[in-house]
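Observations on the model geometry
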Amino acid sequence: MQLQDKIASYFTKYPDLRVLFLFDPDQESLEEVQQLEPNGYRVVFYENNPFSLKLKFHDEWLNEKVFLYMPEKRPENQEEYLKFPLLDLLTANRELRLDDVGE
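These notes cover the structure that comes with them. (Residues numbered from 1 in each chain as written. Predicted model: local features only at pLDDT ≥ 70, side-chain atom pairs only at ≥ 80, totals over all residues. Heavy atoms only, no water.)

1. Examining the overall build of the protein chain
Across its full length, the protein chain holds 5 helices and 4 strands. Taken from N to C terminus, the helices and strands of the protein chain fall in the order α-β-α-β-α-β-α-α-β. For 103 residues, the compact-globule estimate of 2.2 N^0.38 gives 13 Å, and the protein chain sits close to it at 13 Å. If you line up the protein chain on its principal axes, its C-alpha atoms span 35 × 30 × 25 Å. The proportion of buried residues among the 103 residues of the protein chain is 33%. The long-range fraction of contacts in the protein chain, counting pairs at least 24 apart against all pairs at least 6 apart in sequence, stands at 72%. A total accessible area of about 6700 Å² is found for the protein chain, and carbon and sulfur atoms account for 46% of it. (Helix = DSSP H or I, 4+ residues; strand = E, 2+ residues; numbered from the N terminus. Rg over C-alpha atoms; globule rule 2.2 N^0.38 Å. Buried < 20%, exposed > 50% of the residue type's maximum accessible area, 1.4 Å probe, protein only. Contact = heavy atoms within 4.5 Å. Areas by Shrake-Rupley, 256 points an atom, 1.4 Å probe, with all protein chains shown as cover.)

The following block contains the structure:
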């Protein structure tokens, strides 16, 4: 299944989902993400700008679905979670897992 289809299936399967995260520390999916043709959602690239992103999520993008590309590793332990600047959004939403095991 292609990335475009996986994203669409997440937003269909979870109709209340607002933000779908993709953690990609090695940027293996960057080119595919850059070529996405979003249908019903916005593609946003994280650029170490958590404050401005949060403002947009609570104002400009309040009623939009967002696919958020994160070119860094996902937090994996308590310390990393506490330091993760978008923890509230991550816990309230979902992460796209590209492998079947992760899903």
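We are not done yet, so read on.
2. Points about the pattern of salt bridges
Under the criterion given, the structure shown has 7 salt bridges. Between K54 and D88 there is a salt bridge, with its nearest N and O atoms 3.3 Å apart. Of the two residues, K54 is situated in helix α3 (residues 50-58) and D88 in helix α5 (residues 87-92); the sequence distance between them amounts to 34 residues. The partner of R74 in a salt bridge is E76, with the nearest N and O atoms 3.4 Å apart. Counted as one network, the salt bridges with shared partners bring together R74, E76, E95 and R97. (Salt bridge = Lys/Arg side-chain N within 4 Å of Asp/Glu carboxyl O.)

3. A word on helix α1 (residues 3-13)
Every α-helix carries 3.6 residues per turn, so stepping three or four residues along brings you back to the same face. Among all positions in α1, only L3, K6, I7, Y10 and F11 are buried. On an axial view of α1, the arc spanned by its buried residues comes to 130 degrees, and they lie on one face. For α1, the exposed residues set more than 90 degrees away from the buried face come down to T12 and K13. The elements touched by buried residues of α1 are β1 (19-23), α2 (30-34), β3 (66-70) and β4 (94-95). (Arc of directions from axis to C-beta.)

4. So, the pairing of β3
Judged by how many residues are buried, β3 sits mostly within the fold: 5 of 5 residues are covered. Burial along β3 is two-sided: V66, L68 and M70 facing one way and F67 and Y69 facing the other are all buried. For β1 and β3, the ladder comprises 5 bridges, and the chain directions are parallel. Residue pairing in the sheet places F23 in a bridge with M70 of β3. (Pairing = 2+ DSSP bridges.)

5. A look at the sheet that holds β1
Here 4 strands make up an open sheet; going across it, the order is β2-β3-β1-β4 and the pairing parallel. Strands at the two margins of the open sheet, each flanked by one partner only, are β2 (42-45) and β4. Where β1 lies against β4, 2 bridges are found, and the strand directions are parallel. Paired with F21 across the two strands is E95, which belongs to β4.

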